[in-house]
Amino acid sequence: MTHTNDSDYMSLHQPLDSYKAIYKDLHNKHVNDKLDSLVLESKIDIQANKSTVKDIRLNEKNRDNLAKTIRNNRSLRSFLIFLIVVLVGVIIYAIYQLTLAPNTLSYILIPTSILLSILFIFLISKKINPKIRILVKDKEAIIKKLEGLFKEAWTQMQPLNDLFYEGMSQELFQKTVPLIKMDQMFDSKRLDYLVNKFGLDDLNVLDRSTLYVQSGEIKGNPFYIAEDLVHKMGTKTYSGSITITYTSTSRVNGRTITTTHTQVLTASVNKPYPLYTEQSYLVYGNEAAPDLMFSRIDSDAEHMSEKQIDKHVNKTIKKLEKKSRKSVNQGTNYTVFGNSEFEVLFGATNRNHEVQFRLLFTPLAQTELLKLMKETTLGFGDDFDFIKHKKINIIVPEHLATIKLDMSPSYYTSYDFEDIKKKFVDYQNAYFRHIYFAFAPVLAIPLYQQTVTQEYLYKDLYSSYVSFFEHEHVVNSMDINKFRHEESATRNILKTKVVRSSDHKDVVQVTAYGYKSVPRVDYVSRLGRDGRTHVIPIPWNEYIPVDKQTNVEINVTPEDKPLTPRQRVEEMVERLRTNNMTPKDMFIIKNFAARVLNPEKNDKIKTNERK
């Protein structure tokens, strides 16, 4: 297993084995150590809290038992009332029978029903109702006691709850795997580096908005993990129907018979409909194999047995060998790998540079990638798409969309220490696993970690402190109602444009793109069995683009101080106070504090669709 303890030069070429042997348990230790340090700092009394929670659970049990007893008594009371009503009915019926003719049964039923009714009324009024009142009173007393216990428990845990802050997951991740360094923020320098050094395309397009972003580097090679809201225009099928009635005549046994028929006529139309999806991915820049381009989609190898994989490989490799021979005849350079299993499962048959492909995917890289792709317990198997465009690598793992990447510190808070501990430890370990295995496909390629990027000359001045990714991340974390057009009936794509930047403040114009929904009706003709043409109305909604512009001021904590994320937030809050701004006027997220300046609604409805 290739790794060293030196955090600056550590290499990690066997991600699956390293996770199993080292990082899984190491990270769990770091998580528990972190929680222990927070407990120590908060000076909470865990035993006192456990005692309070024990009292809460005992009283909750008593409350639930009382509630059950109350329900049972009320059910009994309702049943007795039902029986009284039945007995009154019996008495009335018996009296009626006596008016018709004397009979023994009526003489028995009347006094018996009266006695039973009196008995049931007595039980309800003297036994059941008083018991219910006592039980309700006891339940209310327990509820009041529980309110006090909950308040006490929350007070006990408040010092610890106040210590959770954004950025803890990234801190812990980097502590466990120092090779992967996490940025405090995705600043303009990092974006400039990715664009001008590694050729990252301009992703600031109208139909994609950043919900979350975390940038960083691996041995000087930049990366960012993002979750985007992606919009595209699709179609939706709308249906309508009418029921027609008609008659037909026929002769039966010499008689004319008229029959009424009904028929349901249906029709449908397809209309443009805005679609929104969330996509999580990793972008990694590296100068290794700088001309190589390819793409591959996941093979789902983790869902196959070894026998099924062998069968799939044997079947597919024949087609690829035929493609390789055809490639030679056509003068292209596709050549099948000697490792048939890797060639089939990894795919990437559209690669453009065989030499650089082989330099990148050495036998060790092939072995480690196959391990990742077939593993079903520790990791996530082959759930990732891999796109390489020269110096830019894009990994799209399905599992990255199954975890909330920007968990709020409030998630961990609770009145119960054991609940806090479980949520904190479980989430931090899950976050580590999801992020680690998002990086695993690039970590499995030794050449990437062996390639150290040359020095890059940054600009002296940038138009903003942080990249548009962070701007979008911040405004998407705010209340969408501050930005959306009042007539927007869909989700909104938020895009930002820098207005000005100074004094560690980026002022950006936020444009919220959404759609207004306007009811329409189409009419479609259909021929019925009656031989006539009928018009079917089909209600549908037309989605017309609308937008609204809002200016937002984003305060950025300076990065030139060696502060933890929590210290940065505290310093920023203090700086806001000195500027006569209170935290309640701001939206605070990680290293940023944002506020809306001047919302301006654009009432003009655009008639052209966004491409």
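Treat the numbers as computed from the prediction; the structure is a model and nothing was measured.

Novice: How do you make sense of the pairing of strand S10 (residues 533-556) when you look at a structure like this?
Specialist: Every other side chain in a regular strand lies on the same face of the sheet, so the side chains alternate between the two faces. Counting buried residues in S10 gives 18 out of 24 residues, a clear majority hidden from the surface. Note: strand S9 (residues 505-527) against S10, 23 bridges, orientation antiparallel. Bridge pairing links Ala512 to Lys548 in S10. Count of turn residues in the S9/S10 antiparallel hairpin: five residues, of which Gly531 carries a positive phi of about 85 degrees.

Novice: Looking at this structure, I do not really get the environment of Leu400. What am I missing?
Specialist: Residue position: Leu400 is located in the loop between strand S7 (392-397) and helix H10 (417-443). The buried category is assigned to Leu400, whose relative accessible area is 0%. With 161 residues separating them in the primary sequence, Leu400 and Ser239 have C-alpha atoms 37 Å apart. Ignoring anything within four residues of it in the chain, the contact list for Leu400 reads Ile225, Ser280, Tyr281, Leu405, His434, Ile435 and Ala438.

Novice: What exactly am I supposed to notice about the nonpolar core here?
Specialist: Nonpolar side chains tend toward joint burial in soluble globular proteins. Among the nonpolar cores identified, the biggest contains 79 residues, and Phe173, Phe346, Phe361 and Phe439 are the most heavily contacted of them. Tallying contributions element by element places H10 first for this core, with 15 residues. If sequence neighbours within four positions are ignored, Phe361 has contacts with Phe294, Phe337, Phe342, Phe346, Gln366, Leu369 and Ile445. Counting residues in hydrophobic clusters, the runner-up holds 17 residues, among them Leu229, Tyr238, Trp540 and Tyr543.

Novice: Would you mind showing me how to read the pairing of strand S3 (residues 221-252) here?
Specialist: One ladder, built from ten bridges, connects strand S2 (residues 208-218) with S3; its direction is antiparallel. The partner of Val213 across the bridge, within S3, is Ala226. The antiparallel hairpin formed by S2 and S3 contains two residues in its connecting segment, where Lys219 sits at a positive phi of about 55 degrees. The pairing of S3 with strand S4 (residues 255-285) spans 30 bridges and is classified as antiparallel. In the strand pairing of S4, His231 is matched with Tyr276. With antiparallel pairing between neighbouring strands as the criterion, S3 and S4 make up a hairpin whose turn holds two residues, including Asn253 at a positive phi of roughly 55 degrees.

What counts, and at which threshold
Residues numbered from 1 in each chain as written. Predicted model: local features only at pLDDT ≥ 70, side-chain atom pairs only at ≥ 80, totals over all residues. Heavy atoms only, no water. Buried < 20%, exposed > 50% of the residue type's maximum accessible area, 1.4 Å probe, protein only. Helix = DSSP H or I, 4+ residues; strand = E, 2+ residues; numbered from the N terminus. Pairing = 2+ DSSP bridges. Contact = heavy atoms within 4.5 Å. Core = buried A, V, L, I, M, F, W, Y, C linked by side-chain atoms within 4.5 Å.

In short, geometric facts, not functional conclusions.
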